[in-house]
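# A look at the structure
One-letter residues, chain by chain:
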Amino acid sequence: MVVFGAIRLGRMTHHFLAWKGFFAVTMVSLVLGACTNGGSGGSLARSESGSKGTARSPGFAPPRMVMASADEPSPLWEPRIATDRRVRAFNRILASGDERARAELRAQVAANLPTEPRREMVVAMSMAAGEGGWTECTVPLLRSLSRPLRGVDDATRSESVALSRLHPGRGWGYFAVFGVGVPWGGVLVWVGLGGGWSDTSVQSECWGLVVRLDPSMERAAALLSEAGTTSLAPIALFHEQTGILPSSSTDFVWAAHLGEMREPGGTLERLREQIDRHGLREVDGEPLELRHVPAIEALASINESWLSMSSSRLSTLLDVRLKRRLVHRRQTSPGEKVTPEDWESARGHLSRADLLLLLAIDLTLDDAMLREDLFRQVELDRDDRTTEYGGLMFAADRAGPARMSTFTPRPAERLGDRRFVASTDMLRSGALALAHYHFHVQTAASDAYAGPSEGDLEYARTFARACLVFTSLGPDGARLNADCYFPDGTVVDLGEIGGSGSPRE
C-alpha cells in the first residue's frame, strides 16, 4: 500500500492511503535508504547518497556495507525487519560459495525487486544484478525504476546504472523509453525476455515510466501509433476517439478500461460524439484529461448545453450555486500550510473542464436519496473504529440513479480510524466515477477538521482525480461539510449538506 502522507490537525491526524495490489507495485517510495558493496559497485550507491529526500522519499541512510555473523538468521525478505539486518543477510549469501543459495537469491531478487519498499535493499539488489549479469532482472529493474524517487536523478539511480551494465551500449534511457521506433515491448523481446510482459501491471508501470521521462508524451503517442492488435489497442482506440493520452500508470489502466467500452452506441462512442460536438478535445488550449470523462457523460444527460459554455459562464453558474452556502474552514496547526478553500480563491485556478467536473459533482450532491445514503455511511464509519470509510461518487446514468458506492476495507486494509484505504476493487470500478470520496467523522463535532489533509491532496495528485471529503458538523453530527479538491491542490468548499429532507441552499 502507499502512504500518501499525513497532516497534523491539532490533536487529529488523517491519512489517505491506497491499496496498490492492483498495480503490483507501490507508486510512491516509503522511508528509504541506500547501501554500497564497495569496489566498482560503489557508484550504484553513491549515485543516490547525499539526497535530502522529499515527502515521498523522506531521506537516505549513509551508504554502508556490513556482514552478518554465521549464526544470524536470515530476515532477507521481511520488510518489518531492520534494514541493516536484511542487508547483512543479503551480502552474506552473495559473498558465500554456496551456489544453490546464490541461485535462490538471484531468483528472489527478480521476484522482489519491483515491490521492495526499502531503498537500501533496492540499491543492494540492483548492484548485484548489474555486476552479476543477471539479465532476467531487466524487467524487474524497469518496474522498480518506474517508482518515482524525488530528489534523485533517474539517470543516476541504481536501477538505471544496473540496466546500462546489463546491456552495454544501449544505455538505460533506451530501456526506459523503448527507443525510437521500437514496437511496444520490442525492447524486451530484443533482450530475450518477453515473459510476464503481457501482465497489465507491468505494462502500466512501464507506461508511467515512459511518461515521466518524456513529459512531452511524444514517445507515448508514438507507441500508441504502433499499437496494432497488441495489448495497447484499447488505449490507442481511446486516444483516437477522445484525444486523451494516459499520463500515469493509473491512467493507463483507466484508459484501457474505457477503450474496451467500444460497443456500438456504448460509452466510448457517446463520449466521442460529445467531445467533438462541443469542441472539448482541447479546452482553453489544454488537453482534456481522464478525470473529465465522467463529467462529460453526466452533463450530457443532465443539460448538454452546459458542455458548450465558456469558463466565464460556467463560473457564473457556479457562483449562483455556491455563494450562499455556509462553509467551514479547516483549522490549521502552527507552521502548517494553509490551503484556500473558498470559491472566490479557487475559481481562477480551475480549467473549463474542471469547472464542468465541479458542476457535475455539485449537482449530484443535490440528489436526496444519495444524501440519505451518505448519512447512512457516516453512521457505519463512526461505529467502526478500525478504518475510515470511502468510495466512488457516480452521477445518475443509464445504469441507475446517482449513488455513493462505498468500498468497505478488508481486514488487512484496516489501518486505523484516521486512515482511508482505496481498495483494489474500488480502483477497478471507478472508470465512470465523478470523484473518490472519504469521511472525517470520527466524532460528531469534527468541524475543526473540515477539508482535505496534505495526505488527501497527495492522493488526488497521484491519481489525478477529483476527490471529496465529508466532515461531520455540530454536536449531533446532523450535517456534513463537503470539500472538493483537485490534482493541482485547488480546494472548493461546497458548503453544508443535510439528509434527504434538507434543502442544500
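Residues numbered from 1 in each chain as written. Predicted model: local features only at pLDDT ≥ 70, side-chain atom pairs only at ≥ 80, totals over all residues. Heavy atoms only, no water.

### Side note on the overall build of the protein chain
Helix and strand counts for the protein chain come out as 20 helices and 11 strands. Across the 505 residues of the protein chain, 57% fall into the buried class. Only carbon and sulfur atoms are counted for the fraction: they give 53% of the accessible area of the protein chain, which is about 19800 Å². (Helix = DSSP H or I, 4+ residues; strand = E, 2+ residues; numbered from the N terminus. Buried < 20%, exposed > 50% of the residue type's maximum accessible area, 1.4 Å probe, protein only. Areas by Shrake-Rupley, 256 points an atom, 1.4 Å probe, with all protein chains shown as cover.)

### Side note on the confidence of the model for the protein chain
For the protein chain, mean pLDDT is 76; residues scoring 70 or higher make up 72% of the total. By mean pLDDT, strand E1 (residues 2–9) is the weakest element of the protein chain at 32, and helix H17 (residues 352–364) is the strongest at 96. Throughout residues 1–47 the model reports pLDDT below 50, and contacts reaching past four residues in sequence, or to other chains, amount to 192 contacts. (pLDDT = per-residue confidence, 0-100. Contact = heavy atoms within 4.5 Å.)

### Describing unusual backbone geometry
Although it is not a glycine, Met217 adopts a positive phi angle of roughly 65°. Position of Met217 relative to the elements: it lies in the loop between helix H9 (200–213) and helix H10 (218–225). On the basis of relative accessible area, Met217 is assigned to the buried category, the value being 15%. Here Ala464, not a glycine, exhibits a phi torsion of approximately 55°, which is positive. Relative to the helices and strands, Ala464 is located in the loop between helix H20 (454–463) and strand E9 (467–473). By relative accessible area, which is 13% here, Ala464 ends up buried.

### Topic: the pattern of salt bridges
All chains considered together, the criterion is met by 26 salt bridges. The salt bridge partner of Arg270 is Glu297, with a shortest N-O separation of 2.5 Å. Of the two residues, Arg270 sits in helix H13 (residues 267–277) while Glu297 sits in helix H14 (residues 293–302), which places them 27 residues apart along the sequence. The class of Glu297 is buried, set by a relative accessible area of 14%. Several salt bridges share partner residues, and in doing so they unite Arg119, Asp154, Arg157, Glu159 and Arg212 into one network. (Salt bridge = Lys/Arg side-chain N within 4 Å of Asp/Glu carboxyl O.)

### Focus on the nonpolar core
Nonpolar side chains in soluble globular proteins generally cluster together in the buried interior. If you look at the biggest cluster of nonpolar residues, it comprises 77 residues, and the most contacted ones within it are Phe238, Leu358, Ile361, Leu434, Leu468, Phe470 and Leu494. The greatest single-element share of this core, amounting to 9 residues, is contributed by H17. Leu468 has contacts with Ile361, Met393, Ala435, His436, Tyr437, His438, Asp483, Cys484, Tyr485 and Leu494, leaving out every residue within four places of it along the chain. (Core = buried A, V, L, I, M, F, W, Y, C linked by side-chain atoms within 4.5 Å.)

### Remarks on the packing of helix H5 (residues 138–145) against helix H6 (residues 158–166)
Axis angle and axis distance: for two packed helices, these are the angle between their axes and the distance between the axes, and together they describe the pair. Taken N-terminus to C-terminus, the directions of H5 and H6 make an angle of 155°; their axes are 9 Å apart at the nearest point. With respect to H6, the element H5 is oriented roughly antiparallel. The interaxial crossing formed by H5 with H6 has left-handed handedness. Where H5 abuts H6, its residues Thr138, Leu141, Leu142, Ser144 and Leu145 lie against Glu159, Ser160, Ala162, Leu163 and Leu166. Tallied by class, residues from the contact of H5 with H6 come to 6 nonpolar, 3 polar and 1 charged. (Axes fitted to C-alpha atoms, helices over the stretch in contact; angles between N-to-C directions. Parallel < 35°, antiparallel > 145°, perpendicular 65-115°, else oblique. Left-handed = near helix turned anticlockwise from the far one by under 90°. Nonpolar A, V, L, I, M, F, W, Y, C, P; charged D, E, K, R; others polar.)

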